[in-house]
Amino acid sequence: VIGKGMNPPQKILFHPEKISMGWRQKRRPGAGLYNLGSTCYLNVILQCLTYTPPLANYLLSRQHSRFCHQQGFCMMCIMEDHVRKVLYSSASAIRPRAVIRDLRFIGEFKPDLPGDAYEFLRCTLSAMHRACLDESSDLDISSQETTIIHQIFRGILRSRVTCLSCKTVSDFYMAFLDVLLKIKGALSLTIALEDFVTPKQMDGKKCFKCSKCKKKVAASKRVTIHHEPRVLTVCLGRADERTSRKISQVVEYPEYLDLRPYMSDPDGEPLLYSLYAVVVHSGHTCREGHFFCFTKASNGQWYKMNDVTVDSCGIHTVLEQQAYLLFYAR
């Protein structure tokens, strides 16, 4: 087996044993968020990250801002301030002004134009990760992937490519912060995950150059999760690749998920994850509509968060949604 992309870090920026997966403090749910134009896509991600226990624990400890030397925009400092306001505020709703003020530094977003929640999640985590690197950007890639953000959200995928001529196996490893799943025809999350790890034929334009045959050959590729993340973020791809129309089918998802069957080593102990946040998109097309979310607060109770409104609900309500993003914690 020829392997590429797995080098040990020369330096660890944040030690994983410092991560606390359970809430350090239990409290009532925090404030709702005002929709300042077309900002529901942004509100749902801010709420889901606020109720991600290991991230919230870290942000509430103010470990980042105490040592931050960044001039101007720093996404970690903004998130620290935001999470404190949401969880400690006596107000029923707050305005996420700092996030909206610096939108252009986070990604290609404009306050008065609708955006996509999944894209905003990816850009926000990326901006937080960059803020953690600060003066460490000259480190090797493996060391850069040891920030608190990567220690919480990062997993590793393995692509195993088998030459169909000589049967040589090549492994390629790639870090991921979220998993995008095709859902067309998949009635459940487990079916979509099974499809994700099913071997696919590589031929035609996707020919693979075999290192043994020394030429482009037909090959098969199987992607598996090689190293599990502490927090698993799943996007159920609701945009049809051909037509860009929204796929509105219901995809069932469980409160508790065993990731073991989708790992490179499927025979070990179960890898159990617990659902703690769900983002829902309502609307007939992907380019319009509205985002709201469900989050599990530190008191163990679920809440529907729809901009300024925060209403308690049961797990059955959470599990019957037309989900777009799912957040699971180990």
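Look a little higher up for the structure.
Residues numbered from 1 in each chain as written. Predicted model: local features only at pLDDT ≥ 70, side-chain atom pairs only at ≥ 80, totals over all residues. Heavy atoms only, no water.

Engineer: Give me the pattern of salt bridges: which residues, what numbers.
Structural biologist: By the definition in use, this model includes seven salt bridges. Here E145 makes a salt bridge to R154, at a shortest N to O gap of 3.3 Å. Exposure remark for R154: the relative accessible area of 18% places this residue in the buried category. (Salt bridge = Lys/Arg side-chain N within 4 Å of Asp/Glu carboxyl O. Buried < 20%, exposed > 50% of the residue type's maximum accessible area, 1.4 Å probe, protein only.)

Engineer: Hey, could you go over the pairing of strand β5 (residues 169–176) for me, with residue numbers and the actual values?
Structural biologist: Note that strand β4 (residues 155–163) and β5 share eight bridges and pair antiparallel. Each bridged residue has a counterpart across the sheet, and for V161 the counterpart in β5 is S170. Two successive antiparallel strands, β4 and β5, enclose a turn made up of five residues, where K167 displays a positive phi of approximately 70 degrees. (Pairing = 2+ DSSP bridges. Helix = DSSP H or I, 4+ residues; strand = E, 2+ residues; numbered from the N terminus.)

Engineer: Can you explain a nonpolar patch on the surface? Please cite residues and give values.
Structural biologist: Taken together, the side chains of Y34, L36 and V308 present a nonpolar region at the surface, about 200 Å² in accessible area. Relative to the assigned elements, V308 resides in the loop between β15 (302–306) and β16 (309–313). (Patch = residues over 30% accessible without salt bridge, like charges linked within 9 Å, V, L, I, M, F, W, Y side chains within 5 Å. Areas by Shrake-Rupley, 256 points an atom, 1.4 Å probe, with all protein chains shown as cover.)

Engineer: Tell me about unusual backbone geometry, residues and numbers included.
Structural biologist: Across the chain, the bulk of peptide bonds are trans and the bulk of non-glycine residues have phi less than zero. Even without being glycine, K167 reaches a positive phi, approximately 70 degrees. Tracing the chain through its elements places K167 in the loop between β4 and β5. Its identity is not glycine, yet K214 carries a phi of approximately 60 degrees, on the positive side. Within the secondary structure layout, K214 lies in the loop between β8 (208–210) and β9 (215–217).

Engineer: Can you break down the packing of helix α1 (residues 40–50) against helix α6 (residues 117–133) residue by residue, with the values?
Structural biologist: Direction vectors running N to C along α1 and α6 enclose 50 degrees, while the axes themselves pass 9 Å from each other. As the angle between them shows, α1 and α6 are arranged oblique. Read as a crossing pair, α1 and α6 show a hand that is right-handed. Counting all contacts with α1, which are made through Y41, L42, V44, I45 and L49, the residues of α6 involved are A117, F120, L121, T124 and L125. The residue makeup of the contact of α1 with α6, split by class, is nine nonpolar, one polar and no charged. (Axes fitted to C-alpha atoms, helices over the stretch in contact; angles between N-to-C directions. Parallel < 35°, antiparallel > 145°, perpendicular 65-115°, else oblique. Left-handed = near helix turned anticlockwise from the far one by under 90°. Contact = heavy atoms within 4.5 Å. Nonpolar A, V, L, I, M, F, W, Y, C, P; charged D, E, K, R; others polar.)

Engineer: Can you break down the side chain of T50 residue by residue, with the values?
Structural biologist: Relative to the assigned elements, T50 resides in helix α1. For T50, a relative accessible area of 0% gives the class buried. A distance of 2.7 Å separates the side chain of T50 from the backbone oxygen of L46, its partner in a polar contact. Once residues lying within four places of it in the same chain are set aside, the contact partners of T50 are W23, A56, H82, V83, V86 and L87. (Polar contact = N/O pair within 3.5 Å; in protein donor to acceptor, adjacent residues only side chain to side chain.)

Structural measurements only, silent on function.
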